[in-house]
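What follows is each chain in one-letter form.
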Amino acid sequence: MTSIELKTLSIKKAHDALKAGEYTVRELVDAYLAEVESSNGDINAFLHLFTDIDERVELAQQMFTDGTATELTGIPMGLKAIIAKKGQVTNASSKILENYKATYSATVVERLEAVGVIFLGSTNTDEFAMGGTTENSAFGVTKNPTDTSRVAGGSSGGSIAAVAANMCLAALGTDTGGSIREPASFCGVLGFKGTYGAVSRYGAYPMGSSFDQVSPTAKYAADAELVQRVMRGADEYDMTCLPSNTWESKVNKDKYNIAIPSSLVDGSSDEVKEVFNKFVQELKEAGHTIEEVEIPILDTVLAIYYVLIFAEVSSNTARYDGMRYGLKAEGSDLWDEYKKTRGKGFGDEVKRRIMLGTYVLSAGYAGKYYEKALDLREQLKVELKEMFKQYDFILTPTAPVVAPKIGVMAGDPLTEYLMDIFTVTANTAGIPAISMPTGNTPGGLPVGAQLMAAWENDDALLDIAKKLGK
Ligand code: GLN
């Protein structure tokens with residue numbers, strides 16, 4: 001078998017090689033499957049492999065023969081266990097859906113498979129995407145390929161670790177409050193979240209419907225861009241999807257104006273700040289303008305996000321009741337069945353969020369918490385709109401810390417929520433954001449930097465990342 005160097009392989013390089021017949025789709029897929037075989041037992045990125053790989057390999061190879069192949073044809077990808085693929089177990093890393101086979105495919109899966117992408121399998125996540133370490137998965141933690149005593153991050157930790165450990169070329173995750181960007185930062189790969197509505201949410205299990213975006217991760221910005229371009233665009237099954245021509249009028253610049261909310265960034269650990277400051281230097285040397293600013297409302301976004309997310313989670317998880325699909329526990333009457341099913345099926349973090357969500361929505365408290373958070377969300381959008389009149393991007397580290405050791409965050413939800421301080425802003429406001437690998441701490445742990453842009457300026461983020469050689 002041809003030996004393929006997977007470590008530095010990009011989608012473009014793989015495509016050129018497939019096109020030139022240097023290797024076949026089968027050989028490319030087998031090279032990645034061999035990595036899954038050798039490392040997944042330890043890393044736990046994939047929960048299981050899909051049963052239609054062989055069929056998809058043949059279809060993709062046929063597209064090369066027919067001349068209908070595109071850049072993504074035959075490219076092996078991972079799929080977060082929260083994105084439905086017809087006929088395949090899609091369990092959201094939850095006991096409540098343990099053996100549940102999706103009855104239809106998500107729009108993103110259909111679009112990518114139509115151009116010949118081969119999804120290898122379902123990747124681990126915090127249960128229903130709630131968390132930042134994958135320790136809330138019912139099926140074990142995903143380890144960080146850089147240092148297996150640490151978490152890969154979450155919730156899309158399986159997808160990110162699969163890319164970082166050369167088990168696939170790119171992968172899909174979802175990003176509700178940072179779930180693609182935070183693990184990307186921890187594992188040293190790239191993670192991109194588009195403007196809310198860029199990509200259809202149809203078939204991605206909802207966590208916070210007004211926050212969720214299906215998002216790509218890859219080693220290179222150009223690869224994430226290829227995936228994002230195929231995924232995005234209007235979808236009749238998701239009315240929040242932006243029109244397909246949204247991106248046409250946007251122009252990229254040569255040099256960008258970048259704002260750093262300094263006092264917020266100051267709260268990061270010293271090792272993160274050290275790597276981050278080097279990156280700021282790199283940006284300056286590349287000719288971009290950097291200014292330190294104060295954006296006081298950013299200090300409150302974590303609170304706004306968590307109040308709203310708990311509320312949306314509590315209503316979105318109501319469907320898992322033992323009556324429609326998934327786990328069903330026997331009980332003495334309907335209420336007892338609900339209680340037993342949900343009691344057994346959900347893990348602690350999901351239960352915590354359901355309880356807090358019903359609390360912030362309850363009569364008497366809704367005004368104090370839920371409605372107040374909604375008002376502040378609008379205020380945030382107003383203030384960001386002003387900022388983006390002056391600056392192209394807002395820059396922060398992606399996370400204030402490096403990947404924690406396994407076990408450190410488990411049972412300490414408040415500290416875990418604090419890791420989201422920089423990422424939740426983009427989802428709360430609905431703006432696009434990217435996490436780029438910027439280098440490692442002296443101890444060898446990856447640190448990512450995050451850029452956020454104004455609504456619909458998704459392509460500028462990918463543009464600057466490419467210009468920086470990411
Ligand atoms: N860590 C965040 C949370 O737990 C974000 C999760 C996500 O983006 N899915 O809510």
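Residues numbered from 1 in each chain as written. Predicted model: local features only at pLDDT ≥ 70, side-chain atom pairs only at ≥ 80, totals over all residues. Heavy atoms only, no water.

What follows concerns the overall build of the protein. Helix and strand counts for the protein come out as 16 helices and 13 strands. A compact globule built from 470 residues would reach a C-alpha radius of gyration of about 23 Å, and the protein, at 21 Å, matches this within 12%. The proportion of buried residues among the 470 residues of the protein is 60%. Long-range contacts, defined here as pairs at least 24 residues apart, represent 75% of the contacts in the protein between residues at least 6 apart. By element, 51% of the accessible surface of the protein is carried by carbon and sulfur atoms, the whole surface being about 17,900 Å². Charge centroids of the protein, computed over 46 positive and 62 negative side chains, lie 2 Å from each other. (Helix = DSSP H or I, 4+ residues; strand = E, 2+ residues; numbered from the N terminus. Rg over C-alpha atoms; globule rule 2.2 N^0.38 Å. Buried < 20%, exposed > 50% of the residue type's maximum accessible area, 1.4 Å probe, protein only. Contact = heavy atoms within 4.5 Å. Areas by Shrake-Rupley, 256 points an atom, 1.4 Å probe, with all protein chains shown as cover. Lys, Arg positive; Asp, Glu negative; His and termini not counted. Charge placed at Lys NZ, Arg CZ, Asp CG, Glu CD.)

A separate point is the site of the ligand. Close contacts around the ligand come from 14 residues, with T176, G177, S179, Y305 and R353 the closest. In the model, a nitrogen atom of the ligand is placed 2.8 Å from a nitrogen or oxygen of the A129 main chain. In this structure, G177 approaches the ligand through a main-chain N or O atom, which is 2.6 Å from an oxygen atom. Coverage of the ligand by the protein chains reaches 99% of its 300 Å² of free accessible surface. Judged by the proximity of its atoms to the pocket grid, the ligand belongs to the largest cavity. (Near = heavy atom within 4 Å. Polar contact = N/O pair within 3.5 Å; in protein donor to acceptor, adjacent residues only side chain to side chain. 1 Å grid on protein atoms, 1.4 Å probe; cavity = no way out; pocket = protein on both sides within 12 Å on 5 of 7 lines; lining within 4 Å. Sits in = over half its atoms within 2 Å of the grid points.)

All right, on to the sheet that holds strand 11 (residues 393-397) then. Taken in spatial order, the eleven strands make up an open sheet running 1-3-2-6-8-7-12-13-11-9-10, and their pairing is mixed. Every other strand in the sheet has two partners, leaving strand 1 (46-49) and strand 10 (289-293) as the edge strands with one partner each. Direction aside, the axes of adjacent strands within the sheet are offset by 30° on average. Each of strand 1, strand 2 (76-80) and strand 3 (118-123) touches helix 2 (residues 25-43); the most contacted strand, strand 3, lies at about 15° to it. With respect to the sheet, helix 13 (residues 370-390) is in contact with strand 9 (257-261), strand 10, strand 11 and strand 13 (446-453), its orientation differing from that of strand 11 by roughly 105°. (Pairing = 2+ DSSP bridges. Axes fitted to C-alpha atoms, helices over the stretch in contact; angles between N-to-C directions.)

Moving on, we come to helix 1 (residues 11-19). For an α-helix the count is 3.6 residues per turn, leaving residues at separations of three or four pointing the same way. All of the buried residues in helix 1 are I11, A14, H15, A17 and L18. Buried residues of helix 1 fall within an arc of 165° about the axis and therefore sit on the same side. Check the buried side of helix 1 and you find it contacts helix 2, helix 3 (53-66), strand 6 (170-175) and helix 7 (221-231). Immediately downstream of helix 1, the backbone of G21 shows phi near 75°, a positive value. (Arc of directions from axis to C-beta.)

It is worth spelling out the environment of D175 at this point. Here D175 is to be found in strand 6. For the pair formed by D175 and A426, sequence separation is 251 residues and the distance between their alpha carbons is 9.8 Å. Apart from residues no more than four positions distant in its own chain, D175 is found in contact with I180, R181, K193, F211, D212, Q213, S215 and N427. Polar side-chain contacts of D175 include one of 2.8 Å to the backbone nitrogen of G178.

Turning next to the packing of helix 2 against helix 3. Closest axis-to-axis distance for the helix 2/helix 3 pair is 9 Å, and the angle between their directions is 140°. Of the possible angle classes, the one that applies to helix 2 and helix 3 is oblique. Across the interface between the two elements, V25, R26, V29 and L33 from helix 2 touch I53, D54, V57, A60, Q61 and F64 from helix 3. Residues of the contact of helix 2 with helix 3, tallied by class, amount to seven nonpolar, one polar and two charged. (Parallel < 35°, antiparallel > 145°, perpendicular 65-115°, else oblique. Nonpolar A, V, L, I, M, F, W, Y, C, P; charged D, E, K, R; others polar.)

Another aspect to go through is the layout of surface pockets. Computed from the structure, the largest pocket encloses a volume of approximately 370 Å³. What lines the largest pocket is a set of 26 residues, among which Y104, G203, A204, Y205 and P206 lie closest to the centre. Roughly 250 Å³ of internal volume is contained in the second largest pocket. The wall of the second largest pocket is formed by 19 residues, among which E135, N136, G347, D348 and E349 lie closest to the centre. With four residues, the top contributor of residues to the lining of the second largest pocket is helix 12 (residues 348-361). (Points joined across faces, edges and corners; volume = space filled by probe spheres on them.)

We now examine helix 13. Across its 21 residues, helix 13 extends 31 Å between first and last C-alpha, which sits within 8% of the 30 Å expected from 1.5 Å per residue. When helix 13 is considered as a whole, its buried residues turn out to be A373, R377, L380, L384, M387 and F388. In a view along the axis of helix 13, the buried residues occupy a sector of 85°, so they form one face of it. Within helix 13, the exposed residues directed more than 90 degrees away from the buried face are K372, D375, K385 and K389. On the buried face of helix 13, the contacting elements are strand 9, strand 10, helix 10 (301-316), strand 11, helix 15 (424-429) and strand 13. (Expected span 1.5 Å × (residues − 1).)

Going through the model one piece at a time under the given rule, you end up with one cavity of 30 Å³ or more. Put simply, the largest cavity is a space of about 100 Å³. For the largest cavity, the lining is made up of 15 residues, of which G131, G177, S179, Y305 and D420 are closest to its centre. Its residues assigned to classes, the lining of the largest cavity comprises five nonpolar, seven polar and three charged.

A word on the pattern of salt bridges. Scanning the entire structure with this criterion turns up 26 salt bridges. Between E386 and K389 there is a salt bridge; the shortest N-O distance is 2.7 Å. A residue pair is termed a helical-turn pair when its members lie 3 or 4 positions apart in one helix, as E386 and K389 do in helix 13 at three residues. For E386, a relative accessible area of 44% gives the class partly exposed. In this structure, a network of salt bridges that share partners links the residues E225, R229, R232, D459 and K466. (Salt bridge = Lys/Arg side-chain N within 4 Å of Asp/Glu carboxyl O.)

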